[in-house]
Amino acid sequence: MSARSFDDVSFGDDLEEMKTDVSLDRIKRFTGAAGMTFERFTNHEAARKEGLPGAIVPGIMSQGILAAMIHRWAPGSTIVKIDTVFRAPLLVDSDPVCRGVVTDMNKADRTVEVDLTIVNEANETRVLGTATVRLEG
Amino acid sequence: MDLAALKRDWTGFEFDTAEFEVTEQQMLDFAISCGETEARFTDPSHEDFRAPTTFTAKFSGRRMLPEEFPQLSRRGFDAGKCVEALAPVRAGDRLTGTSTIHDIFEKTGRSGTMIFIVHRMEFRNQSDEVVSIVDWRMVQQP
Amino acid sequence: MIVDLHNHSIKSDDGRAKVENYCQWISKRGLEVDGFVLTEHRQFDGDSDYRPLEDAHGLRILKGAEVETDYGHVLVFGVNEDLLQAFDFTRLDLPLELVIRESERCGAIAVPCHPGRATVGMCAHYEARGAVDGVRVIETYNGGSRGGENEDAIALAERYGYSGIGGSDAHIVSHIGRCVTRFDREIRDEQDLVDALTDGKFEAISWI
């Protein structure tokens, strides 16, 4: 993978849309790594007992997934800041899509601002945010 | 609930310090389960092997709120996270996280009246270098 | 003229968009939008001067507010000094009846937004407590709505004979221009907007 240069990027550029794996197995690997023990993330039935429609993807995993999308788009880049809002539960075993688009450019420090969203099958925004990304070159 | 008093009395209050060991396996599991594919995150033999940007968001201190902080509700939820990355986090790092109440504000949303408490954790490595600042927006519902 | 009537900038606690970037986005994507209104949460931004941006991008940038009432959130257009003195914009529990009455008295107009949304939309409150006098216009297309919420808003408008507007409720740059309002006239300033909304000659549009 080659690095993406600041000069190769324009305002309004879309990041490659990314489907992501939020299967129960994947969530369990994440919660294990993150030391999270709440069953609402790993057990549909336990989540329903809490009033949720099913097990939900941890917010910090959604954030990590969006960071991974940025790195796929711009290998070698540095995410200076990433700010995500968990607007609504993202369900485990669903089929979400991650999107990003360049919405600001700062030539002085070679950074771009990226809008980030994760939408569900109904195209409803579940997670949104922004990131400041420093690009090489 | 006197929100102005709550904000005045608690904003900026430092209430916890905790230490965290960063292991190669934690970094790998975090990176791979989030879908990272770059070798600098997924290959321990890479010369720049480092934790993914949002890795420090996984660490919680010993307390979510100060001991004397008024109980606003029995249940809350995580409304968002902001991670500022200032330096790489490496396998073997020993991080010290210091917790403060960064902000308190109130609004209404789909689930009713919500008090947002912004819990900030600043992480320093063993060289006393600030590597990451994580703002955690916790919602409490009175 | 097409105007997006509901947007938030970094002046709002949860807004992440700079106004300049909204303008650039509209130009870059060739959106069929002639202007937009900034409706910051629980405040009116009287200080910012967006005229240079208007000139640079050929867009109309107007200001309103989004306040919080006992019947949900409400957009207020035509905010002036009198209205700022009439009630506390920062309160979470303003009586809707007060907001509507004072807005009209001060030459502004109050428009309940995302009515289909739980708790912060007026549909459920109407079911529980009945209608409020003085409502003329509601937001029938909101860009942040989830399944069925806009449909509920449209049904409410039809039932009570309200006119409907469209607004994106954008908090990030790329969400502007998703729901808009088409007017039969030019909207040059906030007074023109209040007049047009009062006349009822407009149409809500969703491009989602």
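Everything discussed here concerns the structure shown above.
Note that the structure is a prediction, hence the values are computed from the model and not measured. (Residues numbered from 1 in each chain as written. Chains lettered and ligands numbered in written order. Predicted model: local features only at pLDDT ≥ 70, side-chain atom pairs only at ≥ 80, totals over all residues. Heavy atoms only, no water.)

1. With respect to the side chain of C:R16
And then number 1: In this fold, C:R16 is placed in the loop between β1 (2-7) and α1 (19-28).
And then number 2: Given a relative accessible area of 18%, C:R16 falls into the buried group.
And then number 3: Side-chain polar atoms of C:R16 contact the side chain of A:D83, separated by 2.8 Å.
And then number 4: For C:R16, the residues in contact, after removing those within four places along its chain, are A:D83, A:V85, A:T130, B:R137, C:I10, C:H171 and C:I172. (Helix = DSSP H or I, 4+ residues; strand = E, 2+ residues; numbered from the N terminus. Buried < 20%, exposed > 50% of the residue type's maximum accessible area, 1.4 Å probe, protein only. Polar contact = N/O pair within 3.5 Å; in protein donor to acceptor, adjacent residues only side chain to side chain. Contact = heavy atoms within 4.5 Å.)

2. Some points on the layout of surface pockets
And then number 1: Estimated volume of the second largest pocket: approximately 460 Å³.
And then number 2: Around the second largest pocket sit 23 residues that line it, and A:R99, A:T117, C:S174, C:H175 and C:R178 are the ones nearest its centre.
And then number 3: Contributing elements (two or more residues each) for the lining of the second largest pocket: β3 (97-106) and β4 (111-119) of chain A.
And then number 4: Per element, the largest residue contribution to the lining of the second largest pocket is four residues, and it comes from β3(A). (1 Å grid on protein atoms, 1.4 Å probe; cavity = no way out; pocket = protein on both sides within 12 Å on 5 of 7 lines; lining within 4 Å. Points joined across faces, edges and corners; volume = space filled by probe spheres on them.)

3. Remarks on the pairing of strand β7 (residues 163-167) of chain C
Residues and elements named next belong to chain C.
And then number 1: Buried residues dominate β7, accounting for four of its five residues.
And then number 2: Relative to β7, strand β6 (residues 137-142) is paired through five bridges, and the arrangement is parallel. Among the inter-strand pairings, E139 is bridged to a residue of β7, identified as I165. (Pairing = 2+ DSSP bridges.)

4. Details of the side chain of A:S77
And then number 1: Looking at the element boundaries, A:S77 is found in the loop between α3 (59-73) and β2 (78-86).
And then number 2: One polar contact links the side chain of A:S77 to the main-chain carbonyl oxygen of A:A74, over a distance of 2.7 Å.
And then number 3: Each residue touching A:S77, except ones within four places of it in the same chain, is listed here: A:I70, A:H71, A:V133, A:R134, A:L135 and B:R40.

5. Quick notes on the packing of helix α5 (residues 122-129) of chain C against helix α6 (residues 149-160) of chain C
All names here are of chain C.
And then number 1: Interhelical geometry of α5 versus α6 gives an angle of 50° and a closest axis separation of 10 Å. When the interaxial angle is binned, α5 and α6 end up oblique. Side by side, α5 and α6 meet where M122, C123, Y126 and E127 of the first sit next to D152, A153, L156, R159 and Y160 of the second. (Axes fitted to C-alpha atoms, helices over the stretch in contact; angles between N-to-C directions. Parallel < 35°, antiparallel > 145°, perpendicular 65-115°, else oblique.)

6. Overview of the sheet that holds strand β3 (residues 94-109) of chain B
And then number 1: The antiparallel open sheet is built from 10 strands, whose spatial order is β1(A)-β3(A)-β4(A)-β5(A)-β2(A)-β2(B)-β5(B)-β4(B)-β3(B)-β1(B). Every other strand in the sheet has two partners, leaving β1 (18-19) of chain A together with β1 (14-21) of chain B as the edge strands with one partner each.
And then number 2: Here strand β2 (residues 76-85) of chain B pairs with strand β5 (residues 130-140) of chain B via nine bridges, running antiparallel. Looking across to β5(B), one finds that B:G80 is bridged to B:R137.
And then number 3: Its contacts with the sheet put helix α1 (residues 3-10) of chain B on β3 and β4 (112-124) of chain B, and the angle it makes with β3(B) is roughly 165°.

7. Describing α1(B)
All names here are of chain B.
And then number 1: Considered for burial, the residues of α1 that qualify are L3, A5, L6 and W10. Down the axis of α1, the sector holding all buried residues measures 160°, keeping them to one side. Exposed and facing more than 90 degrees away from the buried side of α1 are A4 and R8.
And then number 2: Where α1 is buried, its residues touch β3 and β4.
And then number 3: After α1 finishes, the residue G12 shows a positive phi value of roughly 90°. (Arc of directions from axis to C-beta.)

8. Considerations on the state of the cysteines
And then number 1: Taken as a whole, this structure holds zero disulfides over all chains when the rule is applied.
And then number 2: Cysteine B:C82 shares no disulfide, and the gap to the nearest cysteine sulfur, in B:C34, comes to 17 Å.
And then number 3: Accessibility expressed as a relative area gives 8% for B:C82, which makes it buried.
And then number 4: The thiol sulfur of C:C106 is not disulfide-bonded, and the nearest other cysteine sulfur, from C:C113, lies at 19 Å.
And then number 5: Owing to a relative accessible area of 9%, C:C106 belongs among the buried residues under this scheme. (Disulfide = S-S within 2.5 Å.)

9. Here's the deal with the interface of chain C and chain A
The parts lose accessible area when they come together, and the size of an interface is often stated as this lost area.
And then number 1: The partner chain A presents 21 residues to the 14 residues of chain C that form the contact.
And then number 2: For the chain C and chain A pair, buried surface summed over both sides reaches about 1500 Å², with 51% attributable to carbon and sulfur atoms.
And then number 3: When the buried area of chain C at its contact with chain A is split by residue, C:R16, C:R146 and C:I172 rank highest and sum to 35% of it.
And then number 4: Between the two partners, chain C and chain A, sit three salt bridges.
And then number 5: The residue makeup of the side of chain C that touches chain A, split by class, is three nonpolar, six polar and five charged. (Buried area = accessible area lost by both parts, 1.4 Å probe. Salt bridge = Lys/Arg side-chain N within 4 Å of Asp/Glu carboxyl O. Nonpolar A, V, L, I, M, F, W, Y, C, P; charged D, E, K, R; others polar.)

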